[in-house]
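Results of the structural survey
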Amino acid sequence: MTIFPRNRRQSAAASAAVALVALATLAGTAAPASASAPAAAAVAAPVTATPSALALPRPTGPYATGRDALLLTDHARPDPWAPDAGPRRLSVTLHYPARPGTGGDPAPYMAEEEARLMLAQRGLDDPAWPGRVSAARTHARTAAAPAPGRFPLVVLSPGFGTPRATLTGLAEELASRGYVVASADHPYETTGMELPDGRVLPCAACDAVDAQPDEAGRRKVLAAVSTGRAADVSFLLDRLTGPRPAWRHAWTIDPHRIGMAGHSIGGNAAASTMAADRRVGAGVNMDGMFFDPVSARGLGGRPFLMLGTEPGHGPGGGDTTWDEGWTRLDGFKRWLTVRDSGHFTFTDTPEIGEQLGIVDPGAPLSAARSTTITRAYVTAFFDRSLRGRPARLLDGPSPAHPEVLFRRP
């Protein structure tokens, strides 16, 4: 695991070069070597005088997509990272299948201050970039009328220090294919979470990681992040599927078909949540170290997908927690790794990075292939696990995706 100090100062050349190298690793994030290549190794293309607008790829499913937002407060639990701040709060984005032709304009990608803080933490100080990233074009429309029917729910949890917005492309894709998707920002665990009143919560959990004297201490804090997110998700499910739901369109959710996927520590949190909450019937870990180990009792026979980098998350690779976790998974399971990928391949970062003129030689997989692979395998897994649909893509190697390796240790 590579640890990057949060206050690390980049030279001007390195700042331009590192650019969104996959929105590089925060302190404590489980990034394989390919995701943390030396900053100077990345190459930044010249910026044109009139840069084009950034945009996420269009979803491919049959549904139009809507988008809504919630700020939820868990009055039964003080925030573990900032107890003086009061009860735990979650900022949640809902993507859902919508009636075509309804709703307003597509929502912006993220708040500009959130984008500025995310970029600044990585040493990316170009004053034009926060506005461009914030305004990146999405495809889900605000206030869209829901499509008729009840749909499975998928919860998405982002990487440590990374805003939930970086999973927007996957959320839109799943919604277009008939899922309600709840993406959660866990407060004080991201570079900045903006509240409706304009206040921005800092990354207190990052400070807690930085304060540890050694690797064992950092891992202990990050395990607490994962188990804390499990409590967050259980609370979120209560508010979405309970008797008095907080979301106006909660009737579209089928409470008996719930899955969870996460990137980096969000992927660890998927396993932590399944160990703590039987309502979550399937999980996906996208390139996250199991700081909180998979339960020795297994996950009650529920399916789980491990989707990671090659070779960093292959059997016997740099992250031995995957080898241990694999032996404990006791339901349908797949261990897939992707050639030429990096830690942030499974997020929006490759798409945003390429459009900003950034390439990462340590993760040469193109943005188009990164997006296609992530969408295809995550959707196939949830279609099989939550809908009982055939998923031949999970049976073995596919000529359409030669970068994806099936690992059977």
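Given the structure is predicted, the values throughout are model-derived calculations rather than measurements.

1. Section: the overall build of the chain
Along its length, the chain carries 10 helices and 14 strands. For the chain, restricting intrachain contacts to residue pairs at least 6 apart in sequence, the fraction spanning at least 24 positions comes to 75%.

2. Observations concerning the side chain of Glu172
Tracing the chain through its elements places Glu172 in helix H4 (residues 168-176). There is no salt bridge for the buried Glu172, and the closest opposite charge comes from Arg67, which lies 5.3 Å off by N-O distance. A polar atom in the side chain of Glu172 sits 3.0 Å from the backbone nitrogen of Ala140. Apart from the residues lying within four places of it in its own chain, the contact partners of Glu172 are Leu56, Pro59, Thr65, His95, Thr138, His139 and Ala140.

3. With respect to helix H2 (residues 112-121)
Every buried residue of H2 is listed here: Glu114, Ala115, Met118, Leu119 and Gln121. Buried residues along H2 cover an arc of 165 degrees about the axis, so they all sit on one side. Just past H2, the residue Gly123 takes up positive phi, approximately 80 degrees.

4. A few points about H4
Most of H4 sits out of view: nine of its nine residues are buried. The set of residues buried in H4 consists of Thr168, Gly169, Leu170, Ala171, Glu172, Glu173, Leu174, Ala175 and Ser176. On its buried side, H4 packs onto strand S2 (64-78), strand S3 (87-98), strand S5 (151-157), strand S6 (180-185), strand S10 (282-286) and helix H10 (367-387). The first or second residue beyond H4 is Gly178, which carries a positive phi of 95 degrees.

5. A short note on the packing of H4 against H10
In the contact formed by H4 and H10, the axes pass within 10 Å of each other and the chain directions differ by 50 degrees. The angle between H4 and H10 places the two elements in the oblique class. When you trace H4 past H10, the crossing you get is right-handed. Where H4 abuts H10, its residues Gly169, Leu170, Glu173 and Leu174 lie against Arg375, Val378 and Thr379. Here the contact of H4 with H10 is composed, by residue class, of three nonpolar, two polar and two charged.

What counts and what doesn't
Residues numbered from 1 in each chain as written. Predicted model: local features only at pLDDT ≥ 70, side-chain atom pairs only at ≥ 80, totals over all residues. Heavy atoms only, no water. Helix = DSSP H or I, 4+ residues; strand = E, 2+ residues; numbered from the N terminus. Contact = heavy atoms within 4.5 Å. Buried < 20%, exposed > 50% of the residue type's maximum accessible area, 1.4 Å probe, protein only. Lys, Arg positive; Asp, Glu negative; His and termini not counted. Salt bridge = Lys/Arg side-chain N within 4 Å of Asp/Glu carboxyl O. Polar contact = N/O pair within 3.5 Å; in protein donor to acceptor, adjacent residues only side chain to side chain. Arc of directions from axis to C-beta. Axes fitted to C-alpha atoms, helices over the stretch in contact; angles between N-to-C directions. Parallel < 35°, antiparallel > 145°, perpendicular 65-115°, else oblique. Left-handed = near helix turned anticlockwise from the far one by under 90°. Nonpolar A, V, L, I, M, F, W, Y, C, P; charged D, E, K, R; others polar.

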